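Summary of structural features
If you want the building blocks of each chain, they are given just below.
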Amino acid sequence: MRRLVIRIRGLTKHYVMGDTVVRALDGVDVDVEEGEFLAITGPSGSGKSTMMHLIGCLDRPTSGTYELDGVDVSRMDDGQLAATRNSKIGFVFQTFNLIQRTSAVDNVAVPLFYARRTRVREPAMKALARVGLAARCDHTPSELSGGERQRVAIARAIVNEPRILLADEPTGNLDSKTGRQIMDIFHDLHRSGVTIILVTHEMSVALQARRIVRMRDGRILDDRPVDDALRDELMTTSLVPDSPPEPSPGPTSEGVARIPVARPVRV
Amino acid sequence: MFFLRIVLMALRSLRIHPLRTVLATLGVIIGVAAVVSAMSILEGTRSEVEGRFATLGSNKLFVFPGIQRDRGRAVGNVNTLKLDDADEIARACPSVASASPQVTSASLVKFLSKNTQASVLGTSETYADINHYQVAEGRFITRDDIVGEDSVVVLGWRVKRDLFGGRPALGEVIKISGLLGSRGFRVIGVMEKKGNIGWTDVDRQVVVPVTTAMKKLYGLDAVSMILCESKSAENADIEAAKSEIKKLLRQRHRVRPGQQDDFQVQAQGEFLKQFSQMQNIFAVVLYSIAGISLVVGGIGIMNIMLVAVTERTREIGVRMAMGARRADVLRQFLIEAGIVSFLGGGLGVLLGWGMAQMLEQTTRILNTSTTTQAISWALSMATITGLVSGIYPAYKASKLDPVEALRYE
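These numbers were taken from a predicted model, which means no experiment stands behind them.

Examining the packing of aromatic side chains
Residue and element names in this part refer to chain B.
- If you walk through the whole model with that rule in mind, you get nine aromatic pairs over all chains.
- Ring centres of Phe 64 and Phe 271 lie 6.4 Å apart, and the angle between their planes is 85°; on these two criteria the pair is classed as edge-to-face. Placement of Phe 64 in strand S1 (residues 60-65) and of Phe 271 in helix H10 (residues 268-311) is noted, with a sequence separation of 207 residues between them.
- You can call Phe 64 partly exposed: its relative accessible area is 25%.
- Look at Tyr 287 and Trp 377: their rings are 5.8 Å apart centre to centre, the planes differ by 35°, and that puts the pair in the tilted class. Note that Tyr 287 is positioned in helix H10 and Trp 377 in helix H13 (residues 372-398), a separation of 90 residues in sequence.
- Among the residues examined, Tyr 287 registers a relative accessible area of 30% and is labelled partly exposed.
- Residue classification places Trp 377 among the partly exposed residues on the basis of a relative accessible area of 39%.
- Aromatic rings pair up to connect Phe 62, Phe 64 and Phe 271 into one cluster.
- The ring of Trp 157 has Lys 193 sitting right over it, with the charged end atom 4.6 Å from the ring centre.

Structure follows, in structure tokens:
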């Protein structure tokens, strides 16, 4: 068995809203090994976003333990969490979240900057080269296409060589062709040994991972490796049978978001 | 290095809204401009006044007639200073080296068809020595001229040039019009080129015997000032001279004990002190105004920084996700606020300097001097204002919850 990067036991996250307690996460156990390519999926309100925030050290659980790279991060203070995010986690967001009017290479250098590195350009250029964007390093986000922006964001996520790459709907704002290109980059990174956790509600995207954790109502519905049986099952049953469609910002319309079952050919 | 990067980062985010940034810093710009122009004017006036006093020499004492008061209200100068007083001061006060009585008036002086406006000074033979003011040609007035009430005149350098040009003036007769009518004066000397002594441009002055001026030109029985010189510039000598003069004049004017002096004696240092007291009052008023506009400017900066924090909530979330600590976010916005107001301060310095220059050009009386001290003071005030106003917005930014910030639309 390979080394565990993530070990989560009995993780809960409760929000108090007025008089009611919302159990966004309600006792979750997950292990992630080094080099895995994992997708966390589920309908809106299933707790996958909360899960991502906790895995990404952006938030602290109400109870339970979360060991990242052998260190319990569930009781860390803000400063320790920030340092952990900086060194161990790379984020890729649906809306890219690049800093405007700042060149691609400077955007990629942001994590290096917060790591107090003195030499930043060289590693930033190297990361850009890994996503095939070295030639456009001096362009600002507004001069780049959506796919290029997401590639810059990926370069930024990997520049500090994090333990996990955490991607939240990374293709949600892209057309299907560009989305495929982005997924290809994830595959490349995975092959080179990067641990990837993909949070998505798009089954066609989730199915490209090696393992799928399906969530529902703050709990894990099932946790299975991606094989033909799972593929067949997920393609014949809708992922979100009863719940309302996930509101999705950006160009992705609700229709597109709901048709993973209608696009099985691509997978 | 880290700091430099934050500065570059701040400059980059300022470039996004240049107009908005300038408008937000308007208060700081105006505040700093006010400080700089006020300091320029104060400094310019101070060095001008000190320069003028320096031309007088520091061992001078001025005796003026007392101000006549009616139930506390000043109603006019008393004609208390007599010509003899000057002679007696010089003779009887051991700490006084010399004394020169003065009457002055502005008059038209004429030679043939040429005329010019000049100030006419009636004084004694000691005047030239007290002021270290030398004759270029001919001679200065003498005791005999004064005793004889002679109609002789010594011309200032410029008056001579205006009336005679390159031709010799000695021995010629010019006309000076006084209150008692126009009168001919024989030119006995021409003074060197000197410029200002105190506030008088002596090159535009003509000097006549004090007796002649009083009796034949203006019909006066008192002098307007007695200029005295103490033995030395030592404080003790000046003070001694002052009390000797006071004692003598009270005696001569028969001022009873307990009664007020009917004259005033002032040493040059006292003038300077009074002047700087007056300047301090001006400074307090000007700096208060400047301080108020800096406070207003600070509110402007705080406002714009609060807007910037709200606008960039998502960016803050992203930076936090990338590993920015709360202190990093705080520092970023604090430095940004500091830079905004530093740049505003820079514009303010330019504006204030321009205003001072314009005042100097248009009034032609006001001297201004913009010192580097004033500039650095104004710039640091502006930067401090920015930093202080940036504290709350920066604190607010640093306290954002990363999850909420990332979700912000």
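Some remarks on empty space enclosed by the protein
All names here are of chain A.
- All chains considered together, the criterion is met by five cavities of 30 Å³ or more.
- Of the pockets and cavities examined, the second largest cavity occupies roughly 60 Å³.
- Listing elements by their share of the lining of the second largest cavity, those giving two or more residues are helix H2 (78-88), strand S6 (89-92) and helix H6 (146-158).

Notes on the interface of chain B and chain A
- Each side of the interface is counted separately: chain B has 27 residues, and chain A has 24 residues.
- When the two sides are added together, the surface that chain B and chain A hide from each other amounts to roughly 2,400 Å², 61% of it contributed by carbon and sulfur.
- The tally of links from chain B across to chain A stands at nine residue pairs in polar contact (both at pLDDT 80 or more).
- Counting only elements with at least two residues in the side of chain B that touches chain A, the list comes to helix H1 (2-15), helix H11 (313-321), helix H12 (326-363) and helix H14 (402-407) of chain B.
- In terms of residue class, the side of chain B that touches chain A is built from 13 nonpolar, two polar and twelve charged.

Calculation notes
- Residues numbered from 1 in each chain as written.
- Chains lettered and ligands numbered in written order.
- Predicted model: local features only at pLDDT ≥ 70, side-chain atom pairs only at ≥ 80, totals over all residues.
- Heavy atoms only, no water.
- Phe/Tyr/Trp six-rings, centres within 6.5 Å; stacked < 30°, edge-to-face > 60°.
- Helix = DSSP H or I, 4+ residues; strand = E, 2+ residues; numbered from the N terminus.
- Buried < 20%, exposed > 50% of the residue type's maximum accessible area, 1.4 Å probe, protein only.
- Lys NZ or Arg CZ within 6 Å of the ring centre and 35° of its normal.
- 1 Å grid on protein atoms, 1.4 Å probe; cavity = no way out; pocket = protein on both sides within 12 Å on 5 of 7 lines; lining within 4 Å.
- Points joined across faces, edges and corners; volume = space filled by probe spheres on them.
- Contact = heavy atoms within 4.5 Å.
- Buried area = accessible area lost by both parts, 1.4 Å probe.
- Polar contact = N/O pair within 3.5 Å; in protein donor to acceptor, adjacent residues only side chain to side chain.
- Nonpolar A, V, L, I, M, F, W, Y, C, P; charged D, E, K, R; others polar.

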